[in-house]
Amino acid sequence: MKGPTLVAVRDAVLSLHRALLETERLAWERMNGRTVGNVELLHLAIEDPWFTWLRPLTALIAGMDEALVDDTPEGESRTAAILAEAATLLHPDENGSDFQQRYHEFVQRAPDVAVAHGRLIRTLAT
């Protein structure tokens, strides 16, 4: 098992993912009607093009989960690479990648996302 740094960053990224997903769910529902529940939301997040931009974040979380159980000698460098990937991906940038551009928009307009982003930045800085 890895140290608290990766665990803390993963927890902050999960909170951010939840805030982004909830914000997108509300926007999707305004366009398409109310979702039935969490199972349908999960299906939408996986299948619906509306949520495609969130997939790099989902993949980052999966990578963190794998790194947390990696007890091989390469595990330390894998953890370092994932933390670096998190810092790069989760940098809101209106001129960056598709994800970074969308993320920038959400940090600017969604208070829950802005709060989760702030927590993540503090966690990454420790």
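Cut-offs and rules
- Residues numbered from 1 in each chain as written.
- Predicted model: local features only at pLDDT ≥ 70, side-chain atom pairs only at ≥ 80, totals over all residues.
- Heavy atoms only, no water.
- Helix = DSSP H or I, 4+ residues; strand = E, 2+ residues; numbered from the N terminus.
- Polar contact = N/O pair within 3.5 Å; in protein donor to acceptor, adjacent residues only side chain to side chain.
- Contact = heavy atoms within 4.5 Å.
- Phe/Tyr/Trp six-rings, centres within 6.5 Å; stacked < 30°, edge-to-face > 60°.
- Buried < 20%, exposed > 50% of the residue type's maximum accessible area, 1.4 Å probe, protein only.
- Axes fitted to C-alpha atoms, helices over the stretch in contact; angles between N-to-C directions.
- Parallel < 35°, antiparallel > 145°, perpendicular 65-115°, else oblique.
- Left-handed = near helix turned anticlockwise from the far one by under 90°.
- Nonpolar A, V, L, I, M, F, W, Y, C, P; charged D, E, K, R; others polar.
- Expected span 1.5 Å × (residues − 1).
- Salt bridge = Lys/Arg side-chain N within 4 Å of Asp/Glu carboxyl O.

Tracing the chain through its elements places Arg10 in helix H1 (residues 4-32). Polar contacts involving the side chain of Arg10 include one to the side chain of Asp65, which spans 2.3 Å. Here Arg10 is in contact with Met64, Asp65 and Leu68, once residues within four sequence places are set aside.

We now examine the packing of aromatic side chains. With the rule as written, the count across this model stands at three aromatic pairs. Here Trp53 and Phe99 contribute two aromatic rings whose centre-to-centre distance is 5.4 Å and whose plane-to-plane angle is 35°, an arrangement assigned as tilted. Highlighted residues: Trp53 in the loop between helix H2 (38-47) and helix H3 (55-68) and Phe99 in helix H5 (residues 98-109), separated in sequence by 46 residues. Summarising the burial analysis for this pair, Trp53 and Phe99 share the class buried. Centroid distance Phe99 to Tyr103: 5.6 Å. Interplanar angle 25°. Geometry classified as stacked. On the criterion of helical spacing, the pair formed by Phe99 and Tyr103 is a turn pair, its members being four residues apart in helix H5. The exposure classification of Phe99 matches that of Tyr103, with both residues buried. An aromatic cluster is built from Trp53, Phe99, Tyr103 and Phe106, whose rings are joined through pairwise contacts.

What follows is about the packing of H5 against helix H6 (residues 111-125). Where H5 meets H6, the axes come as close as 6 Å, and the angle between the chain directions of the two elements is 110°. Considering their axes alone, H5 and H6 lie roughly perpendicular with respect to each other. The residues of H6 that touch H5, namely those facing Tyr103, Phe106, Val107 and Arg109, are Pro111, Val113, Ala114, His117 and Leu120.

Moving on to the packing of H3 against helix H4 (residues 75-89). It is the contact of H3 with H4, at a shortest axis distance of 10 Å, that shows an interaxial angle of 160°. Here H3 lies roughly antiparallel to H4, going by the angle between them. Relative to H4, the crossing made by H3 is left-handed. Note on element contacts: H4 touches H3 through Arg78, Thr79, Ile82, Glu85, Ala86 and Leu89, opposite Pro56, Leu57, Leu60, Gly63, Met64, Glu66 and Ala67. Partitioning the contact of H3 with H4 into residue classes produces eight nonpolar, two polar and three charged.

Note: α-helices contain 3.6 residues per turn, so residues at a spacing of three or four share the same orientation. With 12 residues, H5 extends 17 Å from end C-alpha to end C-alpha; this agrees with the ideal 16 Å at 1.5 Å per step. All buried positions along H5 are accounted for by Phe99, Gln100, Tyr103, His104, Phe106 and Val107.

Bringing the pattern of salt bridges into the picture now. Per the stated rule, a full pass over the model turns up eight salt bridges. A salt bridge links Arg102 to Glu24; the nearest nitrogen and oxygen atoms lie 3.1 Å apart. Residue Arg102 is located in helix H5, and its partner Glu24 is located in helix H1; the two are separated by 78 residues in the primary sequence. Exposure remark for Glu24: the relative accessible area of 2% places this residue in the buried category.

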